[in-house]
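# Overview (structure and organization)
Spelled out, the chains give:
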Amino acid sequence: TALNIQLQAAIKMFETQPEKSLEAIQICRQEAKAALDEIRHSVAIMRSSPLDGKSLKQAIRYLVGNFELSTGQRVDLDIAEDIDFSDRQISDTIYRTIQEGLTNIQKHAKQFTKIRISIRLMNQLIHLEIEDNGLSLEHENYGKGFGLAGIRERAELMGGEMTMDTKNGQGFGILVKIPYPDNQND
């Protein structure tokens, strides 16, 4: 918006006040450079991973610990020991799903007293389940946000799926199933 206003001013002043027009264009260049720097910074943050330097289990425990501190609510966390989380795409998907699930609980669930996160391996599929017992939003609002859509897209890109269950207004659940690579058990 600022660039557009400055450029419109530069066009209007071009014939009558060329030096003012040039000044407006120089302001536009500075603003464009600042905007580009900010976009590059945002992209770098998006590309960085909370898993850098940590195992998936450590990152999840840290995420859950922060959630517990901010909400005062304990999370029942159950991560199966028989899963190798060395695949970066699987680890990122699981972490981002838990992150979004906890964010949704904090934003949308009212009066929750139980939160459970479970990661299990069943039939060569990783089952990630996140559920709470809070009073849920209206059923028609589920799945319309970018966060849940992002979880679904991540799962589908990996050949998996995401399902949701509103539990009749008494909680909400997300189940993500992701294929577990055959070579992980070798």
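Look up: the structure comes first, before these words.
If you're wondering where the values come from, they're calculated on a predicted model, not measured in any experiment. (Residues numbered from 1 in each chain as written. Predicted model: local features only at pLDDT ≥ 70, side-chain atom pairs only at ≥ 80, totals over all residues. Heavy atoms only, no water.)

## A word on the overall build of the protein chain
Cut-off, in case you're wondering: Each helix corresponds to a stretch of at least 4 residues labelled H or I by DSSP, and each strand to a stretch of at least 2 residues labelled E; elements are numbered beginning at the N terminus. Burial here depends on accessible area, computed with a 1.4 Å probe over protein chains only, as a share of the maximum for the residue type. Under 20% is buried, over 50% is exposed, and the range in between is partly exposed. The contact criterion used is simple: two residues touch if any of their non-hydrogen atoms lie within 4.5 Å. In short, Shrake-Rupley with a 1.4 Å probe defines the accessible areas, and a residue's cover is counted only from the protein chains shown.
Summing up its helical and strand segments, the protein chain has five helices and five strands in all. Helices (α) and strands (β) of the protein chain occur, in sequence order from the N terminus, as α-α-α-β-α-β-β-α-β-β. Counting only residues that meet the buried cut, the protein chain has 33% of its 186 residues in that class. Sequence-distant contacts in the protein chain: of pairs separated by 6 or more residues, those separated by 24 or more amount to 63%. For the protein chain, the accessible area works out to roughly 11700 Å², and carbon and sulfur atoms hold 51% of it.

## With respect to the environment of Gly101
The residue Gly101 is located in helix H4 (residues 88–108) in this model. Here Gly101 falls in the buried class, since its relative accessible area comes to 3%. Beyond its immediate stretch of four places on either side in the chain, Gly101 contacts Ile130 and Ile174.

## Description of the sheet that holds strand E2 (residues 115–122)
Note the following rule: Whether two strands pair comes down to DSSP finding at least two bridges between them. Under this scheme, a helix contributes an axis fitted over its contacting stretch, all axes are lines through C-alpha atoms, and angles between N-to-C directions fall in the 0 to 180 degree range.
Ordered by their spatial adjacency, five strands build an open sheet running E1-E2-E3-E5-E4, and the pairing between neighbours is mixed. Either end of the sheet is taken by a strand with one partner, and the two such strands are strand E1 (76–79) and strand E4 (161–165). Strand-to-strand, the axes of this sheet are offset by a mean angle of 10 degrees, without reference to chain direction. In this fold helix H3 (residues 56–71) packs onto E1 and E2, with an angle of close to 175 degrees to the strand it touches most, E1. Sitting on the sheet, helix H5 (residues 146–157) is in contact with E4 and strand E5 (170–179), with an inclination near 145 degrees to E4.

## Comments concerning the pairing of E5
Where strand E3 (residues 125–135) and E5 come together, nine bridges link them in antiparallel fashion. What sits directly across from Ile130, in E5, is Ile174.

## Some details on unusual backbone geometry
In the Ramachandran plot, Asn123 falls in the positive-phi region, its phi being about 50 degrees despite a non-glycine side chain. Locating Asn123 in the fold gives a position in the loop between E2 and E3. Here the phi dihedral of Gln124 falls at roughly 60 degrees; this positive angle occurs in a residue that is not glycine.

## What about the packing of H4 against H5?
Rules: Put simply, angles under 35 degrees are roughly parallel, angles over 145 are roughly antiparallel, angles from 65 to 115 are roughly perpendicular, and the rest are oblique. Throughout, a crossing is termed right-handed when the near helix is turned clockwise from the far one, and left-handed when it is turned anticlockwise from it by less than a right angle. Any residue that is not Ala, Val, Leu, Ile, Met, Phe, Trp, Tyr, Cys, Pro, Asp, Glu, Lys or Arg is counted as polar, Gly included; the first ten are nonpolar and the last four charged.
Direction vectors running N to C along H4 and H5 enclose 160 degrees, while the axes themselves pass 10 Å from each other. Taken together, H4 and H5 sit at an angle that is classed as roughly antiparallel. Between H4 and H5 lies a crossing whose hand is left-handed. Contact residues: H4 offers Asp92, Thr93, Arg96, Thr97, Glu100 and Asn104, while H5 offers Gly147, Leu148, Ile151 and Arg154. Classifying every residue of the contact of H4 with H5 by side-chain character gives two nonpolar, four polar and four charged.

## Remarks on the packing of aromatic side chains
Under the convention used in this document: Working definition: rings of Phe, Tyr and Trp (its six-membered ring) pair if their centres are within 6.5 Å, and the pair is stacked with planes under 30 degrees apart, edge-to-face with planes over 60 apart, and tilted otherwise. A ring is scored as having a charge over it whenever the NZ atom of a lysine or the CZ atom of an arginine sits within 6 Å of its centre and within 35 degrees of its normal.
A full pass over the atoms with the stated rule returns one aromatic pair. In this arrangement the basic side chain of Lys54 is found over the ring face of Tyr62, its NZ or CZ atom lying 4.7 Å from the centre.

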